[in-house]
Amino acid sequence: MEPPPTGRARGRARGRGRSQQQQQQQPGADRRPGEPATVQAAQPTVGASAVPTGAAPPTRASHHPSAAREPTTADGLVRDMSALQVGSSVGGSTEAQASSGGNGAASVGRGATRGRRDGGPREARQMETTRPEKIVSKVGGIGAPIQLMVNYFNVVDKTSWSIKQYRVDFDPPEDNTRFRKKLLRAHQARLGQHYIFDGTMLFLERMLPEQELELLSVKESDGSKVRILIKFTHEVPPMDHQFINIFNIITNQCMSLIGYTKLRKQDREFFDMKQAQSADRGQLEIWPGYGAAVNQFEHNVLMCVSVSHKVLRMDSVLNQLSSIQRQFPRDARAAAERRLLGCIVMCRHNLRMYKIDEIMWDKTPAAEFDYKGTKIPLAKYYQEKHNITVSMDQPLLLSNPKRREMRQGQTEPFWLVPELCNMTGLSDEMRNNNNLMKELSGFLNMPPQQRAQKLHQFSTRLNSSEDVKSLLSFWGLKFSRELLKVNGRVLPNEKVKTNRETEARDGSWNDAVKTGVSSYVNLSRWLLFYTARTQEQAAKCLTSVKNVARNFGMMIDEPRKILVSEDRVQGYVQAIEQNFSPEAQLVMCIIPSKDKTKYDAIKQLLCLRRPVPSQVVTARLIQTNKNTLGVATKIALQMNCKLGGVPWEVKIPMSGSMIVGYDTYHESQHKGASAGAWVASMNANASKYYSLATIHKDKEEICSHMQSNMMLSMCRYREINGSFPTNVIVYRDGIGEGSLRYVHQHEIDRIKAAITELNAPTRLCFIIVTKNINTRVFAQGRGGGVDNPPPGTVVDDVITRPERYDFYLISQKTRIGTVTPTMYNVILDETSYMPKHLQMLSYKLAHMYFNLSSTVRVPAPSHYAHRLAFLVGQSLHQQHHLDLANELFFL
């Protein structure tokens, strides 16, 4: 049973209900193509305790003409890349998303069929391809072969599998999906034990005897009778993407049958609360779980299984309110809203997650609400329904229904009792507790051997359950027991050039940068600001940085030292304003400890009004860190980069190419806005960049900014190199699968419009970079165990998608936990680069992030864009001064 819907916010909910009602009463608004129009009036449930319920591979085209000529060595690849000419291609995008079901009568959810309501042809609803027509084989071919395992299991189905689809209507109309399912469930004996119902469409494994069937159900609330009309529409063909939805529904049912619980309907993860373990001396509880998703991959239907954990805090929202009252007695309400609004909480009595949207200070559990036509106090509701006694001395929380819940008829917000809501996630205090984070690391950062064992345990538990066997047997399905084995390749080690050439073994070249850099800029005119408290640390930092810089050839003169009179924001701002000189190359500020307010004020001044590269250092980092040399080396390298120096380079044999990274970050000061950062390379080895940032409120603004950023970058490239770039390769980060179509149809169009406006002979390659994925890759370790694959590992077959031009790349070395690969999806390629070239380019660029003398997860331009977007979104809140655009001032 859910917390009851509110009566207070009914006015707001009523407006939403009317809007939904108008939409839902359109004749045939939710019908499928080819079906007769039906009218469904949707009356929102008012006052009742409404409870929210919780593909075919595309045709492949011709292969690139030179794909068969794979160089077998790195030198051969370099020669091949250097000789490339420009070609052309096309692309498309997007895919269907599967939803989850419940017990007995499963549900695909209305979201699974949402794309069908436009009345378009069935062919248009299939998974659209983003794979350029010239690509048939995505296999790059370069690198040493390696045998790998992945967290996937084969899904075996019977060859003659087919699904019968029926339309279900209710008379009188019933808007609430949960009640629809309940009314239909009364006829389970007639329909069969296993069926799938999404509130409108019914899917069966067999044909019913009648083409049209009429059933009669009775509502429990008022005893009224409801006619259920079931009409056969068509047989779902085996290649229809609806099969993937059904596979996922069956998988979700299997998870429930073996004792796992889903906390949020939209999530893929299921958790086993019976196996919970405590941490932080009982203040935290860790629930182990798994996420399982079935999809069509390169050659077969596979199930991807991820190991996950849910961290739950034992403190309730009421505990938090009491703590805030003690900390801020004069301003407790405002402090509570700052800390709690937007937080996700879990109600243990129904195992559901909610977002706190409002704290209703004027209401307590004594407040009454309508429940089945009768007004009862909230406290009485919990006492009678859940046998829970709650304190009356607490306000209520309000949680608005999600869009999906509103579509299912839940239009009124929920009332929550703070005492019954547990906080989720980690507080800042917990994150700063090193001992706690070390304890949690054992759960959250599983080594590969332990993760593989967990996956095998899941497979054994799944395949040993008699209930699961019965369900899968009914649908003619079977999951393999062993992890899927795939072939991968390890790309050659890169040669990193500082003042000498060094081979990057295991993706690292730490020792090389201690004795030399590729190029440096001497620092003779600079300012050093510190307070009386940080004077000793400032002197120590200055000495260490000068010594380190001298080792790699950079000369740092004595700065002009300024003592800040008071350790306040205004003290630093006034000191910088009074002593600032346009001649200064750099400004360094030593602040006592991490302080976002001071940091933001300093960066705003030096990035907006007084544009000059700046370095903010915390005294505590210098004082407490045992690795003083390492800290000083990083500071010196950052200062050199901000002045225009280059710590190292790798050879990128793609002459005439401009490489762009783009990422977004939520704007902390303006609700609904985001900061977008565009970082474009300006030289052949991608070691010099031109950086732009903008604030946008919607997707249209992103596209507009992308067009202007592209034009500015190309003009700047021409100023430096004498001509426009021949190729532009864009690495686009921060994109979910649901936005692929928009990116392809709008962002790419705007970028190409910029090229056309400049009349430039430039070809575009657009690559989506995705870090947050569930795929894990394992290699064979010593003694027959399981280990992380080495940096440079590429997987471009079997677990890739047939409608995409995609590959997985592991570019970083992970010493703690299991390495996560990065997925690259090429949605447009007008160049003549082949798969091996883009794979090698992505790996080379992973060496070019100057904050670390080791490889990173994503190409450097993408990482730089993230750093700039973070700075703008968190601190600047507007575009930086263009005087800084030519340097990496944001490192």
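The following refers to the structure shown. (Residues numbered from 1 in each chain as written. Predicted model: local features only at pLDDT ≥ 70, side-chain atom pairs only at ≥ 80, totals over all residues. Heavy atoms only, no water.)

1. Section: the overall build of the protein
The condition is simple: Under the scheme used here, helices are H or I runs from DSSP no shorter than 4 residues and strands are E runs no shorter than 2 residues, and both carry numbers assigned from the N terminus. Burial classes: relative accessible area under 20% of the type maximum marks a residue as buried, over 50% as exposed, and values in between as partly exposed (1.4 Å probe, protein chains only). Method for areas: the Shrake-Rupley scheme with a 1.4 Å probe, in which residue coverage is limited to the protein chains shown.
Within the protein one finds 23 helices and 38 strands. Considering the protein as a whole, with its 891 residues, one finds that 57% of them fall into the buried category. When the accessible surface of the protein is totalled, it reaches about 37400 Å², and 47% of it is carbon and sulfur.

2. Things to note about the sheet that holds strand S32 (residues 727–732)
Remark on secondary structure: sheet strands pair via backbone hydrogen bonds, oriented parallel or antiparallel. Threshold: Pairs of strands are assigned from DSSP output, requiring at least two bridges between the strands. Residues are treated as being in contact if the distance between any of their heavy atoms lies within 4.5 Å. Axes, fitted as lines to C-alpha atoms, cover a helix only where it is in contact. Angles between the N-to-C directions of the axes lie from 0 to 180 degrees.
Strands sit in the order S31-S30-S29-S32-S33-S38-S37-S36-S22-S2-S34-S35 across an open sheet of 12 strands; the sheet is mixed. Only two strands of the sheet have a single neighbouring strand rather than two, namely strand S31 (689–696) and strand S35 (786–787). Direction of pairing for strand S29 (residues 657–666) relative to S32: parallel, over a ladder of 6 bridges. Pairing of glycine 661 across the sheet is with tyrosine 731, part of S32. The strands that helix H22 (residues 835–845) touches are strand S22 (484–490), S29, S32, strand S33 (763–770), strand S36 (793–795), strand S37 (806–810) and strand S38 (822–829); relative to S37, the one it contacts most, it runs at about 35°.

3. Let's talk about helix H21 (residues 740–757)
As a reminder, the rule being used: Expected helix span is taken as 1.5 Å per residue step, with the number of steps being one fewer than the number of residues. At any given residue, the bend is defined as the angle formed between two axes, one fitted to the seven residues that end at that position and one fitted to the seven that begin there.
With 18 residues, H21 should cover 26 Å at 1.5 Å per step; its first-to-last C-alpha distance of 25 Å lies within 8% of that length. At aspartate 749, H21 shows its largest kink, close to 25°. Those residues of H21 not exposed but buried are Leu740, Val743, His744, Glu747, Ile748, Ile751, Ala754 and Ile755. Each element contacted by the buried residues of H21 is listed here: strand S30 (674–681), helix H20 (699–721), S32, S33 and S38. Directly after H21, the chain includes asparagine 759, whose backbone phi takes a positive value near 55°.

4. Side note on unusual backbone geometry
Here the amide bond leading from aspartate 171 into proline 172 is cis, since omega sits at 0°, within 30 degrees of zero. Residue placement: proline 172 occurs in the loop between strand S4 (163–171) and helix H3 (177–185). Although it is not a glycine, leucine 351 sits at a positive phi angle of roughly 55°. Unlike most non-glycine residues, valine 798 shows phi in positive territory, near 70°. Assignment of secondary structure puts valine 798 in the loop between S36 and S37. Classification of valine 798 by relative accessible area gives partly exposed; the value is 24%.

5. Quick look at the nonpolar core
We count it as follows: Take the buried Ala, Val, Leu, Ile, Met, Phe, Trp, Tyr and Cys residues and link them wherever side-chain atoms come within 4.5 Å; each set so joined is a nonpolar core.
Ranked by size, the top nonpolar core spans 84 residues in total, and within it Met588, Ile590, Met639, Tyr731, Phe850 and Tyr864 carry the most contacts. Filtering out sequence-adjacent residues up to four positions away, methionine 588 remains in contact with Trp526, Leu527, Leu528, Phe529, Cys541, Gln615, Val617, Ile635 and Met639. Val236, Tyr260, Val468 and Phe479 belong to the second largest nonpolar core, which has 40 residues in total.

6. A short note on the packing of helix H17 (residues 596–609) against helix H23 (residues 860–876)
Inclusion rule: Any angle that is under 35 degrees is reported as roughly parallel, and any over 145 degrees as roughly antiparallel; angles of 65 to 115 degrees are reported as roughly perpendicular and all others as oblique. Two helices that cross are described as forming a left-handed crossing if the nearer one is turned anticlockwise from the farther one by less than a right angle, and a right-handed crossing if clockwise. Note on residue classes: Ala, Val, Leu, Ile, Met, Phe, Trp, Tyr, Cys and Pro are nonpolar, Asp, Glu, Lys and Arg are charged, and everything else, Gly too, is polar.
Between H17 and H23, the shortest axis-to-axis distance is 9 Å and the interhelical angle comes to 110°. Here H17 lies roughly perpendicular to H23, going by the angle between them. Regarding H17 and H23, the two cross each other, and that crossing is left-handed. Listed contacts from H23 to Lys596, Tyr599, Asp600, Lys603, Gln604, Cys607 and Leu608 of H17 are Leu871, Gln874, Ser875 and Leu876. Partitioned by chemical class, the residues of the contact of H17 with H23 number 5 nonpolar, 3 polar and 3 charged.

7. Overview of the packing of aromatic side chains
We apply this condition: For Phe, Tyr and Trp, where Trp contributes only its six-membered ring, two rings pair if their centres lie within 6.5 Å, and the inter-plane angle classes them as stacked under 30 degrees, edge-to-face over 60, or tilted in between.
One pass over the structure, following the stated rule, counts 22 aromatic pairs. Between phenylalanine 243 and phenylalanine 247, the aromatic rings sit 6.4 Å apart at their centres with planes inclined by 70°, giving edge-to-face as the arrangement. You can see phenylalanine 243 and its partner phenylalanine 247 sitting in helix H5 (residues 242–257), 4 residues apart, about one turn around the helix. In terms of burial, phenylalanine 243 and phenylalanine 247 fall into one category: buried. Taken together, a centroid distance of 5.0 Å and an interplanar angle of 10° make the contact between phenylalanine 807 and tyrosine 824 stacked. Taken together, the residues phenylalanine 807 in strand S37 and tyrosine 824 in strand S38 connect sequence positions 17 residues apart. A single burial state applies to phenylalanine 807 and to tyrosine 824, both of which are buried. Among the aromatic residues, those joined into a cluster by ring pairs are Trp509, Trp648, Tyr689, Tyr849, Phe850, Tyr864, Phe889 and Phe890.

8. Some points on the side chain of serine 691
With respect to the element layout, serine 691 can be found in strand S31. In contact with serine 691, other than residues within four places in its own chain, are Trp678, Val679, Leu868, His880, Ala885, Glu887 and Phe890.

9. Regarding H3
What counts, and what does not: By arc we mean the arc of the directions from the helix axis to the C-beta atoms, nothing more.
Listing the buried residues of H3 in full gives Thr177, Arg180, Lys181, Leu183 and Leu184. Mapping the buried residues of H3 onto a view down its axis gives an arc of 160°, with all of them on the same face. Packed against the buried residues of H3 are S4, helix H4 (188–191), strand S5 (195–197), strand S6 (201–204), strand S7 (212–218) and strand S8 (225–236).

10. Observations concerning the pattern of salt bridges
Filter applied, for reference: By definition here, a salt bridge exists when the distance from a side-chain nitrogen of Lys or Arg to a carboxyl oxygen of Asp or Glu is within 4 Å.
With the rule as written, the count across this model stands at 34 salt bridges. A salt bridge links lysine 164 to glutamate 235, with the shortest nitrogen-to-oxygen separation between them at 4.0 Å. Here the residue lysine 164 occupies a position in strand S4, and glutamate 235 occupies one in strand S8, the gap between them amounting to 71 residues. We classify lysine 164 as buried; its relative accessible area is 10%. Overall, glutamate 235 belongs to the partly exposed group, its relative accessible area being 44%.

11. What to know about the environment of arginine 801
Here arginine 801 shows up in the loop between S36 and S37. Taking the relative accessible area as the measure of exposure, arginine 801 reaches 5% and is therefore buried.

12. Some details on the pairing of S22
Counting buried positions along S22 gives 5 out of 7 residues, so the element sits mostly inside the fold. By the bridge criterion, 7 bridges tie strand S2 (residues 144–150) to S22 in an arrangement that is antiparallel. From the neighbouring strand, glutamine 147 faces S22, where its bridge partner is asparagine 487. The pairing of S22 with S36 spans 2 bridges and is antiparallel. In the strand pairing of S36, valine 490 is matched with threonine 793.

13. Topic: the sheet that holds strand S19 (residues 414–416)
The strand order across the open sheet built from 3 strands is S15-S18-S19, with neighbouring strands paired in antiparallel fashion. In this open sheet, the two edge strands, each paired with only one partner strand, are strand S15 (358–360) and S19. Neighbour-to-neighbour, the strand axes of this sheet turn through a mean angle of 35°, independent of strand direction. The pairing of S15 with strand S18 (residues 396–399) spans 3 bridges and is classified as antiparallel. Directly across from glutamate 358, in S18, lies its bridge partner leucine 398.

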